[in-house]
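Overview (structure and organization)
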Amino acid sequence: MFLMSAGSSDFVSAAWRSEAEESKRGENESLCCCEYVAEDSGQRSHILGCCCNCVDFDLVCTRLITCRAIDRRNIDGMLIAFQDRLRLPWRGGAKRISPAAVAPAFIVPLMLGLATLNSKTAIVLMLTLVGFTIWGMQLAKRTATRTNFFLSWLVFSVFYMIIIFEFQVPLLELAPEENYALMFFSCAALYCLYSAKTLSPLNLVSAQYGTTPKDELPGIAEASSGEEQAEAQTTLQMESVLSLDDDEVVDMDTAERSGLMHGQPNICEICRKVTPRRAYHCPVCGTCVKRRDHHSYWLNCCIGERNYVWYIVGLALSEIALLLGANLTLTSICHPFMAVRPLGYPVLLPDDCSEVFEGFELGISFVVACYALLISAYIAFILSRQAYLWWKGTTLHEYKRASNAGGRNRIWSNWRAILK
């Protein structure tokens, strides 16, 4: 009996073991190539679970490897999870970093490094950069997207240009006062642009002069009591204008031009707030801006009444710093010649730069100088346009509104409609 019971127990244990192996084999057969059964918990896990632990990311990887259709919802969920988990350790809690703000930190040095290979590669990359910038700006304007991509691109471009100039350009061929002058103009330009950025909330109609409440977003606050009184007064005057006899009724534009509403504030048709004159709604900021000129994507803010002067001065100083830095770099790595000698100080210009791609140090310095000249050409265009608008006594926003109302682009619009 003892032998029979022992044999039966061995048989039961062997059967149980074989059944467990079969179930485990069947479970393993249902696993994808990136999954496994964890020995400690016995649950199905993904090899990338330790990095992301994101179900949408697992599904996207599995369908990509198995060549199956990927659901758009899984891609959106994966991107949202990545964006939410991309954080920087910070006091009081980790701060989330936008991928658009991090991308230029890798794109700018990669582009500058590849451009040092040869002249043809540098030309192709510079033209690609111009095309990409134009396309990105048009896309942001068309979709009215508020993004930190261009601001981050500007910051990292300035940072890398300063690093290259201070550590790669042969400073032994430069006079100390030239380096000091470049640093002065650079720091002054950065200070003015930073001031234009920090003063931008004061341009908002709902913003208070000095500080903005921390518990509300700029442009979302309700109208103040003074604005409500002005709006009520404007409404009464509008009703009085509309209550005229039929032969005396005039439209609101005619009434405003004739002085019936002289001194009265306007009402924004989008945010429905009482606004001062020459204040226009910015679709990117989502609120009205006092004396709005345009929305600068490079500073990620609107240029208006309170920061316009800082913006123009910052651009002018940036133009001087970029031209000076490019000239000092090119005359250091190329064969220079003396152009003029005002007040006994020689002004050099580059002559022969055919040997700059023979070494990485010379090549990266030459590429950064060309990059600075490219940016300076763009800033010169902006300054020329602003000078013309100042001479006309208008802003860029008002000039575009007048152009659209006057039908200056009607011929081009008709041809574009025909070609479609």
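By the naming in an unreviewed UniProt entry, the protein chain is Palmitoyltransferase, taken from Drosophila erecta. Within the UniProt record for the protein chain, the comment given under Catalytic activity (unreviewed entry) is "L-cysteinyl-[protein] + hexadecanoyl-CoA = S-hexadecanoyl-L-cysteinyl-[protein] + CoA". The heading Subcellular location (unreviewed entry) in the UniProt record of the protein chain holds the text "Golgi apparatus, trans-Golgi network membrane".

Let us look at the overall build of the protein chain. Helix and strand content of the protein chain: 13 helices and twelve strands. By the burial criterion, 33% of the 420 residues in the protein chain qualify as buried. Nonlocal contacts in the protein chain, meaning residues at least 24 apart in sequence, comprise 53% of its contacts between residues at least 6 apart. Surface exposure of the protein chain reaches about 26900 Å², of which carbon and sulfur atoms provide 62%.

Here we take up a negative patch on the surface. On the surface, Asp351, Asp352, Glu355 and Glu358 cluster together into a patch of negative charge. Tracing the chain through its elements places Glu355 in the loop between strand E12 (347-352) and helix H11 (360-392). Glu355 gets classed as partly exposed once you look at its relative accessible area, which sits at 43%.

Now for the pairing of strand E7 (residues 279-282). Two elements, E7 and strand E8 (residues 287-290), share four bridges in a ladder whose sense is antiparallel. Directly across from His281, in E8, lies its bridge partner Cys288. Linking E7 back to E8 in an antiparallel pair, the connection comprises four residues, with Gly286 at a positive phi of about 80 degrees.

Turning our attention to the side chain of Asp293. With respect to the element layout, Asp293 can be found in the loop between E8 and strand E9 (294-296). Buried and unpaired, Asp293 has Arg291 as its nearest opposite-charge partner, separated by 5.7 Å. For Asp293, the residues in contact, after removing those within four places along its chain, are Ile303, Gly304, Tyr308, Gln386, Thr395, Leu396 and His397.

For the rest of this paragraph, the subject is unusual backbone geometry. Unusually for a residue other than glycine, Cys67 sits at a positive phi of about 60 degrees. Mapped onto the elements of the fold, Cys67 is located in the loop between helix H2 (55-65) and helix H3 (72-85). Classification of Cys67 as exposed rests on a relative accessible area of 71%. The backbone phi angle of Ala144 is positive, close to 55 degrees, even though this residue is not glycine. Structurally, the position occupied by Ala144 is in the loop between helix H5 (119-143) and helix H6 (149-167).

By the definition in use, this model includes three salt bridges. Between Arg73 and Asp71 there is a salt bridge; the shortest N-O distance is 3.0 Å. Residue classification places Arg73 among the exposed residues on the basis of a relative accessible area of 65%. With relative accessibility at 28%, the residue Asp71 sits in the partly exposed group. Where Asp76 meets Arg72, a salt bridge forms, and the shortest distance between an N and an O atom there is 3.4 Å. Here Asp76 and its partner Arg72 are both found in helix H3, four residues apart, which amounts to about one turn of the helix.

Further remarks concern the UniProt feature "transmembrane region" (unreviewed entry) in the protein chain. Feature annotation in UniProt assigns "transmembrane region" (unreviewed entry) to the following positions: residues 121-137, 149-167, 179-196, 308-328 and 362-383. For residues 121-137, the end-to-end C-alpha separation is 24 Å, with 100% helix and 0% strand making up the annotated structure. Here residues 149-167 is 100% helix and 0% strand, with 27 Å between the C-alpha atoms at its ends.

Looking now at the nonpolar core. With 46 residues, the main nonpolar core has Leu112, Phe150, Trp153, Leu299, Tyr311 and Tyr371 as its most contacted residues. The set of elements that each furnish at least two residues to this core consists of helix H4 (99-115), H5, H6, helix H7 (176-198), strand E10 (301-303), helix H10 (308-333) and H11. Excluding residues that lie within four positions of it along the chain, Leu112 makes contacts with Ile364, Val367, Val368 and Tyr371. Among the nonpolar cores identified, the runner-up in size contains six residues, and Val169, Leu174, Leu182 and Leu328 belong to it.

This part covers the packing of H6 against H11. Following both chains from N to C, one finds H6 and H11 inclined at 140 degrees, their axes separated by 10 Å at the closest point. Relative to H11, the element H6 is oriented oblique. The hand of the H6/H11 crossing is left-handed. Residues Trp153, Ser157, Met161 and Ile164 of H6 form the contact with H11, whose participating residues are Ile364, Ser365, Val368, Tyr371, Ala372 and Ile375.

Rules used in this analysis
Residues numbered from 1 in each chain as written. Predicted model: local features only at pLDDT ≥ 70, side-chain atom pairs only at ≥ 80, totals over all residues. Heavy atoms only, no water. UniProt positions renumbered as here; feature names shortened; annotations may be inferred. Helix = DSSP H or I, 4+ residues; strand = E, 2+ residues; numbered from the N terminus. Buried < 20%, exposed > 50% of the residue type's maximum accessible area, 1.4 Å probe, protein only. Contact = heavy atoms within 4.5 Å. Areas by Shrake-Rupley, 256 points an atom, 1.4 Å probe, with all protein chains shown as cover. Patch = residues over 30% accessible without salt bridge, like charges linked within 9 Å, V, L, I, M, F, W, Y side chains within 5 Å. Salt bridge = Lys/Arg side-chain N within 4 Å of Asp/Glu carboxyl O. Lys, Arg positive; Asp, Glu negative; His and termini not counted. Charge placed at Lys NZ, Arg CZ, Asp CG, Glu CD. Pairing = 2+ DSSP bridges. Core = buried A, V, L, I, M, F, W, Y, C linked by side-chain atoms within 4.5 Å. Axes fitted to C-alpha atoms, helices over the stretch in contact; angles between N-to-C directions. Parallel < 35°, antiparallel > 145°, perpendicular 65-115°, else oblique. Left-handed = near helix turned anticlockwise from the far one by under 90°.

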